[in-house]
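# Report on the structure
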Amino acid sequence: YPLPDIDPRQYRLVIHGMVDRPVILTLEELQRLPSISRICWLECTGNSGPRNRNRLQLHETAGMTHGGTACAEWTGVLLSLLLKECGVQKEASWIYAEGGERARRAKSFQLEKAMDDVIVAYAQNGEAPRPENGYPVRLVIPGWAGHNSTKWLRRIKVVDRPYMAKDDQGFVMGPDGKWSGEHEFDPKSIIIFPSGGQRLPGPGLYEIRGLAWTGAGLIRRVE
């Protein structure tokens, strides 16, 4: 699908559902609210997964097999602030977020996460996000798979159960066969030197280098 061409002057974000005061917010109104800036990484749910490991060949670099990540400083409004202003009803427990592209990608996630650290972001690294990154407004859900961070955000609906949107299908089924929602990424690590077909010139001492990351946001020790 082509990228959506959204006029920032015509942009609207709807928050409705199980709230006492539904709202429709313009981009200017969002930008006037108290803001935060946080450095967060996003990672594709298929990054470094079994499919990539099964294809691993000596010539493939760490970036080719584990490079489905990105890191940026995101600026925007905490979703919790917006939900508190709307007055979330006590029976509510889930959020449905919908994008403004032609495919209408949408995801459900738990209200508990929404009230924690989710950002309704209108800036990336100090400027407006690029169109391919969700301009003018997107969600950023730190520590969770990137497909949860809905781009071109147009609607947030507060509900009392998983919405079972089309993009919820196939992710995280519980032992009872029901969709139980998603959660933060577990810790990961990878050796980046030597790797990917790199050849050491001969016997000697070499420093092995690598990366480690986690949805929890902090790595205390690497062994």
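Provided above is the structure to which this section pertains.
Here's what I pulled together on the structure shown here. Per-chain numbering applies: the sequence of each chain, read as written, is numbered from 1 onward. Where totals are concerned, whole chains, interfaces and linings use all residues; where local detail is concerned, this predicted model gives features only for residues with pLDDT of at least 70, and gives and counts side-chain atom pairs only at 80 or more. In computing side-chain values, all of the structure's heavy atoms are included and hydrogens and water are not.

In this analysis, rings of Phe, Tyr and Trp, with Trp reduced to its six-membered ring, are considered paired at centre separations within 6.5 Å, and the interplanar angle assigns stacked below 30 degrees, edge-to-face beyond 60, and tilted for intermediate values. Counted by the stated rule, this structure contains two aromatic pairs. Geometrically, the ring pair formed by Trp41 and Phe185 is stacked, given 6.1 Å between the ring centres and 20° between the ring planes. With a gap of 144 residues between them, Trp41 in strand E3 (residues 36–43) and Phe185 in the loop between strand E9 (153–159) and strand E10 (188–193) connect regions that are remote in the sequence. For Trp41, a relative accessible area of 19% puts it in the buried group. The rule is short: NZ of Lys or CZ of Arg within 6 Å of the ring centre and within 35 degrees of the ring normal puts a charge over the ring. Directly above the aromatic system of Phe185 lies the positively charged group of Lys188, at a separation of 5.0 Å from the ring centroid. Only DSSP runs of H or I reaching four residues or more are called helices, and only runs of E reaching two or more are called strands; each is numbered from the N terminus. The classification of residues rests on relative accessible area computed with a 1.4 Å probe and restricted to protein chains. Under 20% of the type maximum is buried, over 50% is exposed, and intermediate values are partly exposed.

When glycine is set aside, most residues are seen to have a negative phi, and most peptide bonds are trans. Each neighbour pair has its own omega, and for Tyr135 with Pro136 the value is 5°, a cis peptide bond. Relative to the helices and strands, Pro136 resides in the loop between strand E7 (119–124) and strand E8 (138–140). In this chain, Phe193 is followed by Pro194 through a cis amide linkage whose omega measures -5°. Note that Pro194 resides in the loop between E10 and strand E11 (209–213). Notably, Asn125 is not glycine yet its phi reads approximately 55°, a positive angle.

Looking now at the sheet that holds strand E6 (residues 106–110). At least two bridges found by DSSP between two strands is the condition for calling them paired. One open sheet accounts for five strands, arranged E2-E1-E9-E5-E6; its pairing is mixed. Both edges of this open sheet fall to strand E2 (23–26) and E6, since each of them pairs with a single strand only. Neighbour-to-neighbour, the strand axes of the sheet open up by a mean angle of 15°, direction not taken into account. The pairing of strand E5 (residues 94–99) with E6 spans five bridges and is antiparallel. Along E6, the bridge assignment pairs Ala97 with Lys107. The contact criterion used throughout is that any non-hydrogen atoms of two residues lie within 4.5 Å. A fitted line through C-alpha atoms represents every axis, and for helices the fit uses only the stretch in contact; the resulting angles, taken between N-to-C directions, go from 0 to 180 degrees. Running over the sheet, helix H4 (residues 79–86) touches strand E1 (12–17), E2, E5, E6 and E9 and is turned about 55° from E1.

Once that is clear, we can look at the pattern of salt bridges. Should a side-chain nitrogen of Lys or Arg be within 4 Å of a carboxyl oxygen of Asp or Glu, the pair is scored as a salt bridge. Scanning the entire structure with this criterion turns up nine salt bridges. Where Arg154 meets Glu98, a salt bridge forms, and the shortest distance between an N and an O atom there is 2.4 Å. Residue Arg154 is found in strand E9, and its partner Glu98 is found in strand E5; the two are separated by 56 residues along the sequence. Given a relative accessible area of 8%, Glu98 falls into the buried group. Taking the shortest distance from any N to any O, the salt bridge between Glu127 and Arg130 comes out at 3.6 Å. Looking at Glu127, the relative accessible area reads 43%, which means it is partly exposed. In this structure Arg130 comes out as partly exposed when scored by relative accessible area, which is 48%. Connected through shared salt-bridge partners, Glu98, Arg154 and Arg155 make up one network.

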